[in-house]
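Analysis of the macromolecular model
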Amino acid sequence: MVATGAPEDAYTAEPFVPGRGGLPALRKAAAGCRGCPLHRDATQVVFGAGNTDARVMLVGEQPGDQEDRQGKPFVGPAGKLLDRALADAGIDPGEAYVTNAVKHFKFTQAEPRKRRIHKAPNLREMTACGPWLAAELAVVEPELIVVLGATAGKALLGSSFRVTQVRGTVLEEEIHGRPERLVPTVHPSAVLRSDDREAAYQGLVSDLEVAARALS
């Protein structure tokens, strides 16, 4: 039985998602989302960005510190690396739609004014945010989804998803009631954390080249 207290106790964004109005309406409504407790500590919602008729949608995990402050996805170091990797793979970053499985920044902070440390969203939080991702997919109708990392993969493909097993391959799955083609790869932040950053970067580019070929 769902708790009847604050709306976030229900862990679903469904009541906040408008039925029409396209991306502008979705973006405006998302700013008021209280579908899970993550909205309490985040600065603001970080909704997807890009073209309504983008052929490729890139789905990451959640906003980071810079994204939370600026209100835009993939504007931090990982986003800059992703743009470079997309260009190297032959995909114009300006023609992609980028978003995250979870729209609010989840973090831990030892004390006020200390650095905010990213904390991975759990399955309940990902599920709560699912209606936003479903709405974005329904509006954009991309030809291909690039899945960036394990959390995005679990949000789209279920908890058994393992990025290492399927990265760089074209999957065909039903996602939120729509047949979709997906190419999973690592999250660009994993490249930044890698001991061998150049090899990790080339691996990301190689996976994105698979996506580029699938779009050609």
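Heads up: the structure comes first, above all this text.
Residues numbered from 1 in each chain as written. Predicted model: local features only at pLDDT ≥ 70, side-chain atom pairs only at ≥ 80, totals over all residues. Heavy atoms only, no water.

Here we look at empty space enclosed by the protein
Going through the model one piece at a time under the given rule, you end up with one cavity of 30 Å³ or more. As for the largest cavity, its lining consists of A13, A30, C33, G35, C36, V45, K103, H104, A128, C129 and W132. The dominant element in the lining of the largest cavity, judged by the number of residues it contributes, is helix 4 (residues 123-140), at three residues. Across the lining of the largest cavity, the residue classes break down as eight nonpolar, two polar and one charged. (1 Å grid on protein atoms, 1.4 Å probe; cavity = no way out; pocket = protein on both sides within 12 Å on 5 of 7 lines; lining within 4 Å. Points joined across faces, edges and corners; volume = space filled by probe spheres on them. Helix = DSSP H or I, 4+ residues; strand = E, 2+ residues; numbered from the N terminus. Nonpolar A, V, L, I, M, F, W, Y, C, P; charged D, E, K, R; others polar.)

Topic: the pairing of strand 2 (residues 56-60)
In terms of burial, strand 2 is largely enclosed, as five of its five residues are buried. Neither face of strand 2 is left uncovered, since the one carrying V56, L58 and G60 and the one carrying M57 and V59 both have all their residues buried. For strand 2 and strand 3 (residues 96-100), the ladder comprises five bridges, and the chain directions are parallel. Considered in strand 3, the bridge of G60 is made with N100. Sheet analysis places strand 2 next to strand 6 (residues 144-148), joined by four bridges and oriented parallel. If you follow L58 over to strand 6, its bridge partner there is V146. (Buried < 20%, exposed > 50% of the residue type's maximum accessible area, 1.4 Å probe, protein only. Pairing = 2+ DSSP bridges.)

Side note on the packing of helix 1 (residues 22-30) against helix 4
Look at helix 1 against helix 4: their axes get within 10 Å of each other, and the N-to-C directions meet at 165 degrees. With respect to helix 4, the element helix 1 is oriented roughly antiparallel. Considering how the two elements wind past one another, helix 1 and helix 4 form a crossing that is left-handed. Side by side, helix 1 and helix 4 meet where G22, L23, L26, A29 and A30 of the first sit next to W132, A135, E136, V139 and V140 of the second. (Axes fitted to C-alpha atoms, helices over the stretch in contact; angles between N-to-C directions. Parallel < 35°, antiparallel > 145°, perpendicular 65-115°, else oblique. Left-handed = near helix turned anticlockwise from the far one by under 90°. Contact = heavy atoms within 4.5 Å.)

Section: the pattern of salt bridges
Evaluation of the coordinates by the stated rule reveals ten salt bridges. Salt-bridge contacts for R69 lead to D65; the nearest nitrogen and oxygen are separated by 2.8 Å. Of this pair, R69 and D65 both sit in helix 2 (residues 65-70), separated by four residues, roughly a single helical turn. Take D65: its relative accessible area is 22%, and that puts it in the partly exposed class. E125 is paired through a salt bridge with K106; the nearest N and O atoms lie 2.9 Å apart. With E125 in helix 4 and K106 in the loop between strand 3 and strand 4 (107-108), the pair connects residues that are 19 residues apart, well separated along the chain. Residues joined by salt bridges that share partners form a network here, namely D65, D68, R69 and R116. (Salt bridge = Lys/Arg side-chain N within 4 Å of Asp/Glu carboxyl O.)

Here's the deal with the sheet that holds strand 7 (residues 171-175)
In sheet architecture, strand pairing relies on hydrogen bonds along the backbone and comes in two forms, parallel and antiparallel. If you trace the six strands from one edge of the open sheet to the other, you get 1-3-2-6-8-7, paired in mixed fashion. The sheet terminates laterally at strand 1 (49-50) and strand 7, the two strands that pair on one side only. Both strand 1 and strand 3 contribute to a ladder of two bridges, which runs antiparallel. Each bridged residue has a counterpart across the sheet, and for G50 the counterpart in strand 3 is Y97.

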